[in-house]
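What follows is the residue order along each chain.
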Amino acid sequence: MPYLGSEDVVKELKKALCNPHIQADRLRYRNVIQRVIRMSKLDQWGQAEVLYFLLRYQPRSEEELFDILNLLDSFLKSSSPGVVMGATKLFLILAKKFPHVQTDVLVQVKGPLLAACSSESRELCFAALCHVRQILHSLPGHFSSHYKKFFCSYSEPHYIKLQKVEVLCELVNDENVQQVLEELRGYCTDVSADFAQAAIFAIGGIARTYTDQCVQILTELLGLRQDHITTVVVQTFRDLVWLCPQCTEAVCQALPGCEENIQDSEGKQALIWLLGVHGERIPNAPYVLEDFVENVKSETFPAVKMELLTALLRLFLSRPAECQDTLGRLLYYCIEEEKDMAVRDRGLFYYRLLLAGIDEVKRILCSPKSDPSLGLLEDQAERPVNSWASDFNTLVPVYGKARWATISKCQGAERCGPELPNTASFATSGPLIPEENKKRVQELPDAGALMLVPKCQLTAECFEKTWLHLKVAHQQVLPWQGAVHPDTLQMALQVVNIQTIAMSRAGAQPWKAYLSAQDDTGCLFLTELLLEPENLEMQISVKQNEARTEALNGFISVLETVIGTIGEIKS
Amino acid sequence: MISQFFILSSKGDPLIYKDFRGDSGGRDVAELFYRKLTGLPGDESPVVMHHDDRHFIHIRHSGLYLVATTSENISPFSLLELLSRLATLLGDYCGSLGEGTISRNVALVYELLDEVLDYGYVQTTSTEMLRNFIQTEAVVSKPFSLFDLSSVGLFGAETQQSKVAPSSAASRPVLSSRTDQSQKNEVFLDVVERLSVLIASNGSLLKVDVQGEIRLKSFLPSGSGEEFIGGSQGGVWDRLLAGVYGSIWWLSLMFFPLTEMRIGLTEEFCVGKSELRGYGPGIRVDEVSFHSSVHLDEFESHRILRLQPPQGELTVMRYQLSDDLPSPLPFRLFPSVQWDRGSGRLQVYLKLRCDLPPKSQALNVRLHLPLPRGVVSLSQELSSPEQKAELGEGALRWDLPRVQGGSQLSALFQMDVPGLPGPPGQGPSTSAPPLGLGPASLSFELPRHTCSGLQVRFLRLAFRPCGNANPHKWVRHLSHSDAYVIRI
């Protein structure tokens, strides 16, 4: 078949863009691009391909950039979704330094995306929904006024309904929350158990912001007395109580009676946990747990037994009279008859703990009953558009970021494996690390070019040796208020790939922590955090094994961000 | 860039398999794909799947799986669009797409794929251009006859009032009969609207959404100027000439036999919330997009779309409309539910009113009402004998083959639901419906009716010398339900 008009153009462009001479000469390069852009007779495939090639071009000046954007503007109105999305991606990437241009483009693309979301082709609809979710991560309010477009219809396939529920959950705001919740409540009684459960989890997600309304809906659902609904509702309650302590009272009132409708392990664990932690507010808690203890022999899941042990011991602390006998029986069973090692060990552990005296038990078991800061850490604040612009209009949002990471990991391993058989273990991990890191570090603003390696395992001895023979490269003081929750801090540091070597326990005075991190060039950063209680300041001392100021500044800004975030949560 | 393309039947049998790049392993990928598809966990989507270093992307079209594999991280939108375009293209060449037509036309399908994709890259998908390279003729199962009026379908031919085309008229290959000239000159223009509606339990309207399309299917002999424009080497000439004559297609019109089609839409057609045209409320849509081959110079003034119809199918225009509907909704449902908790007796009385104009009617109306778990028996009283109602998959289905505009139908259902708990703490109330009942959803077709009110005023063909007899023009308006949900 002879080459046709559109193919010609694409070929010409390809040739031009790959030609080093043209690449070297910016003016010619630009001319080629402009000529191609002006060719309006391309069919949609040609247009999409041209837009893809243009991604390689970097405009020299702002003027040139806006020139190109103006030339390409008409592609945003194309009737083909492929072209519109290609143009959007190009705009987002070209305008990476102009957030208002990016926002403007995303506003323009709203119409075509929404049209694709209600398209007749299910597959297209799915891809569009995935991209809507991507945009919502950065601009939470972007689709809020169009929430009705994301209501599920009876005939849609399962995977689309699940995506729509996720989208609804993310775009909820003060104005539409009532309608969205009403719609979601309708889904909870859907014939498909999976979908019903997804809807309940979605209500649970919304409950973090709009607690009262959601808890009321969830409580009503318990009245249905259906196993698959009750178990998910109870799990949702468990997560909710942990994140939003203000709803504890309502949840405790709803719980009695649930135990009859829970059969699966997850649901039982959630219920037992709730009864253990908040048992003092639930009148019949000891008797429900007693029922569980009586049936413990027929219980098949070890996890449920472990949960039962902990819960009963916790409840024993607050209501000793009602639990003592039951606890004794359970401990006896776990130690004497249980075959699962983990459960038996847990039983023995609690037994010895009880021997140490009730005060000791209280000190160990009475951990905080809720941790609102966890929720804030979990759904990290809005991600900048630039963190996903390069993934837009690719398969990444369609797979979801997490699945894509595993896919690209095994692909990378396969590709590197056979090429470098001798240094296999080294080579396979080599090219992967930067990729992984890029994603993580990008989530933090101002991380600069620094890339911290996730699995830098430094032993305590090694740390000590290095620490002692290095000089302090940088010292800084950050504002801080109140005590430190070591777990929260450690988790937050882990997110940015900073390893905690040692840390004082909470409330110690003075409080100290030693951290280490390594970037992709092998440069080590050793850090000491020092908190003197009286002056309310966190003193940071950083040591570096290679003197590189740029990397050091990058590292300090990461550290500052983390400590700043934790500090805000505390205050 | 795609590596492989294959078509599977609904049962997973490979019908067509083509490897474009030879970079991935063999025919068994088709089998692999089907295994992955059927063994997929419930919470993962089947649209994009991954195995080794290969991504499978597929669409379902009339019961077939059209699958492409690729090893690159390409644009999902373009690829899905390409797959659906391929489906349309195969439909154009083989008649309607289906397992039978594909297996009868294997050679033709391979030939088409060869021309459309080269080494995994798209060359062209225009039916018109491909026509020059395709030699094989389609095998049609049943000889087609225009006057086979035994199955009168939905085609209301406004332009030719005495004749009605059979519903299968448009589902024949566009290019099947090179030799047979008699059947060639036909044009089908469909205005199809999909309606999704959500009505609250108190009758107030929560959501209305209309997705409309004007689709053109042309069986006219080749007439587009595309070949000339596309074939002229070097874009310089195009632009030079364009500068002289204003626009290039006009130039080609002077030398080549061309058909120009003019589609006149309702004059009161307004785009956007603020535009005002004509008298009265007009016909308002929120957004419109046109196919790139449509000339819009008369659209502003007279609402006329001009184009040179390529052979085959083409979506001329798409539009959306939400929230403001000019005409009343086609159906209203007035349910009343009686629920006696003590005896477990559930009584549902449904009254369905059709608010279409008296001359119109709705076809294949089906009401789907999910019921609480454990419904055992059903007794029914229906208002007319042609209706049917039955229980299935935890839901009630009420079928009404035909509903005349302005009419009102009712049905009374009585069910026994043993052991269903009522809403907690409300005592033996009879009014509150049990949980798990509803919402009701309706599906229907409305021939000769558009919910937005958009009509095609006229469809004119300007013929150039080569043309023979006047072509038949069929215009059809149709609305159907996408999701018409009424909460109870």
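See the structure shown above.
Here is a short report on the structure shown in this document. (Residues numbered from 1 in each chain as written. Chains lettered and ligands numbered in written order. Predicted model: local features only at pLDDT ≥ 70, side-chain atom pairs only at ≥ 80, totals over all residues. Heavy atoms only, no water.)

## Here we look at the overall build of chain B
Inference 1: Scanning chain B for helices and strands turns up nine helices and 25 strands.
Inference 2: Sorting the 488 residues of chain B into buried and exposed places 53% on the buried side.
Inference 3: Within chain B, counting contacts between residues at least 6 apart in sequence, those at least 24 apart form 70% of the total.
Inference 4: Split by element, the accessible area of chain B, about 20800 Å² in all, is 51% carbon and sulfur. (Helix = DSSP H or I, 4+ residues; strand = E, 2+ residues; numbered from the N terminus. Buried < 20%, exposed > 50% of the residue type's maximum accessible area, 1.4 Å probe, protein only. Contact = heavy atoms within 4.5 Å. Areas by Shrake-Rupley, 256 points an atom, 1.4 Å probe, with all protein chains shown as cover.)

## Remarks on the nonpolar core
Inference 1: F150 and F237 of chain A are the most contacted members of the largest nonpolar core, which totals 155 residues.
Inference 2: Residue contributions to this core peak at 11 residues, all from helix α2 (residues 76-94) of chain B.
Inference 3: In this structure, L189, V294, V316 and W398 of chain B belong to the second largest nonpolar core, which totals 67 residues. (Core = buried A, V, L, I, M, F, W, Y, C linked by side-chain atoms within 4.5 Å.)

## Digging into the environment of K148 of chain A
Inference 1: With respect to the element layout, K148 of chain A can be found in the loop between α8 (122-138) and α9 (158-171).
Inference 2: For K148 of chain A, a relative accessible area of 24% puts it in the partly exposed group.
Inference 3: Considered as a pair, K148 of chain A and P486 of chain A are 338 residues apart in the sequence and their alpha carbons are 44 Å apart.
Inference 4: For K148 of chain A, the residues in contact, after removing those within four places along its chain, are L206, K207 and D323 of chain B.

## Let's talk about the interface of chain A and chain B
How big an interface is tends to be expressed through the accessible area that disappears when the partners come together.
Inference 1: The interface is formed by 67 residues belonging to chain A together with 70 residues belonging to chain B.
Inference 2: With both chains or domains summed, chain A and chain B bury close to 5700 Å², and 56% of this area falls on carbon and sulfur atoms.
Inference 3: Counting the contacts that link chain A with chain B gives five salt bridges.
Inference 4: With its nearest N and O atoms 3.1 Å apart, the salt bridge here joins D209 of chain B to K149 of chain A.
Inference 5: Here chain A and chain B share 16 residue pairs in polar contact (both at pLDDT 80 or more) between them.
Inference 6: The leading source of residues in the side of chain A that touches chain B is helix α23 (residues 401-419) of chain A, at seven residues.
Inference 7: Of the residues in the side of chain A that touches chain B, the class split is 29 nonpolar, 20 polar and 18 charged. (Buried area = accessible area lost by both parts, 1.4 Å probe. Salt bridge = Lys/Arg side-chain N within 4 Å of Asp/Glu carboxyl O. Polar contact = N/O pair within 3.5 Å; in protein donor to acceptor, adjacent residues only side chain to side chain. Nonpolar A, V, L, I, M, F, W, Y, C, P; charged D, E, K, R; others polar.)

## Points about the packing of aromatic side chains
Aromatic ring pairs: the centre-centre distance and the angle between the two ring planes describe each pair.
Inference 1: Under the definition given, this model contains 23 aromatic pairs over all chains.
Inference 2: Plain terms: the ring middles of F349 of chain A and Y350 of chain A are 5.4 Å apart, the flat faces sit at 45° to each other, and that makes the pair tilted.
Inference 3: When its relative accessible area of 37% is taken as the criterion, F349 of chain A is described as partly exposed.
Inference 4: Taking the centre distance of 5.8 Å and the plane angle of 40° together, the rings of W388 of chain A and F392 of chain A count as tilted.
Inference 5: Classification of F392 of chain A as buried rests on a relative accessible area of 0%.
Inference 6: Among the aromatic side chains, those forming a connected cluster through ring pairs are F6, Y17, F33, Y34, F56 and Y65 of chain B.
Inference 7: Over the face of the ring belonging to F299 of chain B we find R303 of chain B, whose NZ or CZ atom lies 4.4 Å from the ring centre.
Inference 8: Across the ring face of F334 of chain B, the terminal group of K351 of chain B is positioned such that the distance to the ring centre comes to 5.5 Å. (Phe/Tyr/Trp six-rings, centres within 6.5 Å; stacked < 30°, edge-to-face > 60°. Lys NZ or Arg CZ within 6 Å of the ring centre and 35° of its normal.)

## Description of the sheet that holds strand β17 (residues 345-354) of chain B
Hydrogen bonds along the backbone pair up the strands of a sheet, which may run parallel or antiparallel.
All names here are of chain B.
Inference 1: Strand order in the open sheet made by the four strands is β16-β17-β22-β19, with antiparallel pairing throughout. Strands at the two margins of the open sheet, each flanked by one partner only, are β16 (331-340) and β19 (377-382). Averaged over all adjacent pairs, the angle separating strand axes in this sheet is 15°, with direction ignored.
Inference 2: Relative to strand β22 (residues 408-416), β17 runs antiparallel, the two sharing nine bridges. Paired with Q347 across the two strands is Q414, which belongs to β22. (Pairing = 2+ DSSP bridges. Axes fitted to C-alpha atoms, helices over the stretch in contact; angles between N-to-C directions.)

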